[in-house]
Amino acid sequence: MTPTLSPSIHTRPIPSSGEALPIIGCGTYIGFDVAPGSAEYAQLPGVLQTLFAAGASVLDSSPMYGRAETTTGELLAAAGSRAKAFIATKVWTSGRAAGVAQLEQSFARLRSQRIDLLQVHNLLDWRVQLATLRGWKEAGRVRYVGITHYTESAYAEVEAVLRAEKLDFLQINYALDDTAAAERLLPLAQQRGVAVLINRPFGGGGLLRRQRGKPLPAWAAEIGCSSWAQILLKFVLSHPAVTCTIPGTSRPEHMLDNLAAGRGTVPDAAFWRQHAASVLG
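Below, the structure is looked at part by part. (Residues numbered from 1 in each chain as written. Predicted model: local features only at pLDDT ≥ 70, side-chain atom pairs only at ≥ 80, totals over all residues. Heavy atoms only, no water.)

A look at helix α3 (residues 96-110)
No. 1: In this model, α3 (15 residues) spans 21 Å end to end at C-alpha, consistent with the 21 Å of a helix rising 1.5 Å per residue.
No. 2: Those residues of α3 hidden inside the fold are in contact with α2 (68-79), β5 (86-91), β6 (115-120), α4 (126-138) and β7 (142-148).
No. 3: R111, located one to two residues past α3, shows a positive phi value of around 55°. (Helix = DSSP H or I, 4+ residues; strand = E, 2+ residues; numbered from the N terminus. Expected span 1.5 Å × (residues − 1). Contact = heavy atoms within 4.5 Å.)

Quick notes on the nonpolar core
No. 1: Judged by nonpolar contacts, the single largest core of 77 residues is most densely connected at I24 and I172.
No. 2: In terms of residue count, helix α8 (residues 228-237) provides more of this core than any other element does, 8 residues in total.
No. 3: For I172, the contacting residues outside a window of four places in its chain are H149, Y155, A181, L185, L186, V196, L197, I198 and N199.
No. 4: Membership of the second largest hydrophobic core comes to 12 residues, among which are L21, F86, L117 and Y144. (Core = buried A, V, L, I, M, F, W, Y, C linked by side-chain atoms within 4.5 Å. Buried < 20%, exposed > 50% of the residue type's maximum accessible area, 1.4 Å probe, protein only.)

A look at the side chain of T148
No. 1: Mapped onto the secondary structure, T148 falls in strand β7.
No. 2: A distance of 2.9 Å separates polar atoms of two side chains, one belonging to T148 and the other to H121.
No. 3: Residues within four places of T148 in sequence aside, it is in contact with K90, Q119, V120, H121, N122, L123 and Q171. (Polar contact = N/O pair within 3.5 Å; in protein donor to acceptor, adjacent residues only side chain to side chain.)

Now the structure itself:
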């Protein structure tokens, strides 16, 4: 059963096209790597129903996430909801032939003739893979291309690629306890007209887990938050370079909770300078 939903969430423009993208999406790492017939799998249709009912659309996957791509393709096909989804996935291999083979596998698993966003994961063989992705974009098989990373030690290389290449998207990690990307990468992406997807908005899960059992701060109501997850997501969304964040979940009630962060007030940097320390504790 799909939880009760409130109005559609906010959107932000993809700089390279102006297309409006809902600011909360769903990552499929771990949560979608489950087998049909399992109790975990049975919850996933409700996750997608909840996502789409709120006007959200972004589903981020990868061929490295076990059967997550396959699960995503199965669920969208079964519900006839492919048109509602903005599908993002990745290529992570070396060599042109290996890249093409992996990409074709992703198309088959996702049961889609066209993928919204293809990303070179962790910059692996990025020159070769980006060339393929751009060719497929010109051919109409891919709508947007980008790069991803989640390791701070690689940020200098990410910065160099952002400066040298014309990209539609950057996917990077950013959270209240992981703000290194805000020093150079997020401002550069904004300057270069690159949309930003944020992964690991809960600090890889550790930051959110540390809040369990703690009462919400009094100021949470000021920014329309009724959970710690919403507070952490609102922090990420407060950065002007961020286009969308993609917290992973396999539970409809968590999807609903995450989506609430995409509505109402988005506090500014001054607000977080005042209150961030009380969360990090």
